[in-house]
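Chain by chain, the residues run as shown.
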Amino acid sequence: MDAKQTIESGKAVLGIEFGSTRIKAVLIDEQSNPIASGSHEWENQLVDNIWTYSEEAIWAGLQDSYQKMTEDVKNQYGAEVKNLAAIGFSAMMHGYMAFDAEGNLQVPFRTWRNAITGEASEKLTELFRYNIPQRWSIAHLYQAILNGEEHVKDISFQTTLAGYIHWKLTGKKVLGVGEASGMFPIDIATGTYHSKMVEAFDAAVADKGYSWKLLDIFPEVLTAGEPAGVLTEAGAKRLDISGKLQAGIPLCPPEGDAGTGMVATNSVARRTGNVSAGTSVFSMVVLEKELSRVYPELDLVTTPSGDLVAMVHCNNCTSDLNAWVNLFREFAEAFGMEVDMNRLFGTLYHKAMEGDADGGNLLAYNYISGENITGMEEGRPLFVRTPNSKFNLANFMRVHLYTALGALKMGMDILLKEEGVKVDKLLGHGGLFKTKGVGQQILADAMNTPISVMETAGEGGAWGIAVLAAYMVQKAEQESLEAYLESRVFAGQAGSELSPQAEGVKGFDDFIRIYKAGLPIERAALDSMK
């Protein structure tokens, strides 16, 4: 069946993911090949010192990305999207969306980017004996309780961005287990919230006299492949403002960008992992067993199937790097040159590979926002050199690529060196890998592990959640997600692999020593520059 027939017969599958800078819709055929897409650019806003996106921006972005996907369908195939085999929604994980009994958002959406829950994170980690990062939804809830925020007593439902979209389009208050694992710890044996920790939390806030207990306000947890409701009449009209899309389409459990990244890189099996590098950077390694102890630098989440995953999450990756590239664009334009941004990125990235392996004793911190791994509550992007540093364009670019992975390196060293976790393969995806062979090689050197990049990884999480939706409607009885991906989606796709180079490994280790030693400079900048 060709793409046009697939679309017109209602057998295509749609995935939409809300990233931090882009909302992307990807339509796939029955073999999981992308056949159409549409995207909408957006940016978070700092409102009253809170990183947020407005409800209006969320829905306008969803509708625009869907509409652009349908325009792509019309332009490519002369067809219209009226029915679909399945839909899936995904979004950046964590954060805080709390609603009252009437379904009204009680405070502006607090995204993962906010480092404002330090007290709650610390107290919950001690209470649960389980690392609770600042961006987790339970940390946001508990911080609001500790702050004495008035709205908490009126909470009827708390969810994530993906859960919010799914709820409004289906009426179902559910989450995929991978996404839920970024709200609250999951018991791997039961596949849902850890009951003893739930009891401990309820006991800790019992004196507040709230009318709710935690499980009253949290979404139900579902595993990949389980049905998660259908598109309602109102939901269809809200998604497709043209009114052409039919109701009744089944939806898979909403997942987070970590889970869809694992799917998009075929990294749901044990001893595999992936690194997602864009606005933020995080690594996911599927574990064979529990870690020996609690590490504040390592989060424990799950795959969409419920297997335990160690996650190193860093709030900053390419934003400061992109800002420097834009400065070079302005410089070129000031000379009257027309600048192709893809060529500019490629030129500067390749220039970095000509630099000294250690970056020439230059130092940069890419902290646009706070960085939990290094204990910084806010960001102050910073570039530092000594009078004797080798200051040239190649080293300048190399160090900014290095620092994009600096915090990640610190967390991964704990996992790989201290815990001795075995990883057979790591796959990279995201904007850092668009320039072939540069970000990939630097990551391989940083991790001292071979890094693969697949062509499909460029489709990212929107494709990943579309594949999860397809899995729900296509899987054979008892077919695991791992088997489905291996045999049906990624069969014959090896991707391109780069191995670490001894000089680069040593160079990155030399840089990371300077990076760690220079953290007091970043702290001084944070304290001094308001």
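Heads up: the structure comes first, above all this text.
Treat the numbers as computed from the prediction; the structure is a model and nothing was measured. (Residues numbered from 1 in each chain as written. Predicted model: local features only at pLDDT ≥ 70, side-chain atom pairs only at ≥ 80, totals over all residues. Heavy atoms only, no water.)

Before going further, it helps to spend a moment on a nonpolar patch on the surface. A cluster of nonpolar side chains, Phe331, Phe335 and Met337, forms an exposed patch at the surface whose accessible area comes to about 370 Å². The topology assignment puts Phe331 in helix α11 (residues 319–334). Relative accessible area serves as the criterion here: at 52%, Phe331 is assigned to the exposed category. (Patch = residues over 30% accessible without salt bridge, like charges linked within 9 Å, V, L, I, M, F, W, Y side chains within 5 Å. Areas by Shrake-Rupley, 256 points an atom, 1.4 Å probe, with all protein chains shown as cover. Salt bridge = Lys/Arg side-chain N within 4 Å of Asp/Glu carboxyl O. Helix = DSSP H or I, 4+ residues; strand = E, 2+ residues; numbered from the N terminus. Buried < 20%, exposed > 50% of the residue type's maximum accessible area, 1.4 Å probe, protein only.)

What the seven strands build is an open sheet, ordered β16-β17-β15-β14-β22-β23-β24; its pairing is mixed. Two strands bound the open sheet, and with one partner strand each, they are β16 (299–302) and β24 (496–498). Within the sheet, the average angular offset between the axes of one strand and its neighbour, ignoring direction, is 30°. As defined by bridge partners, strand β23 (residues 451–453) adjoins β24 across three bridges and the pair is classed as antiparallel. Among the inter-strand pairings, Val453 is bridged to a residue of β24, identified as Ser496. (Pairing = 2+ DSSP bridges. Axes fitted to C-alpha atoms, helices over the stretch in contact; angles between N-to-C directions.)

Below, the discussion takes up the packing of helix α10 (residues 257–264) against helix α16 (residues 460–474). Orientation of α10 relative to α16, taken along the N-to-C sense of each, is 80°, at an axis distance of 7 Å. One finds that α10 runs roughly perpendicular with respect to α16. For the pair formed by α10 and α16, the contact residues are Thr260, Val263 and Ala264 on the first element and Gly460, Gly461, Trp463, Gly464, Ile465, Val467 and Leu468 on the second. Its residues assigned to classes, the contact of α10 with α16 comprises six nonpolar, four polar and no charged. (Parallel < 35°, antiparallel > 145°, perpendicular 65-115°, else oblique. Contact = heavy atoms within 4.5 Å. Nonpolar A, V, L, I, M, F, W, Y, C, P; charged D, E, K, R; others polar.)

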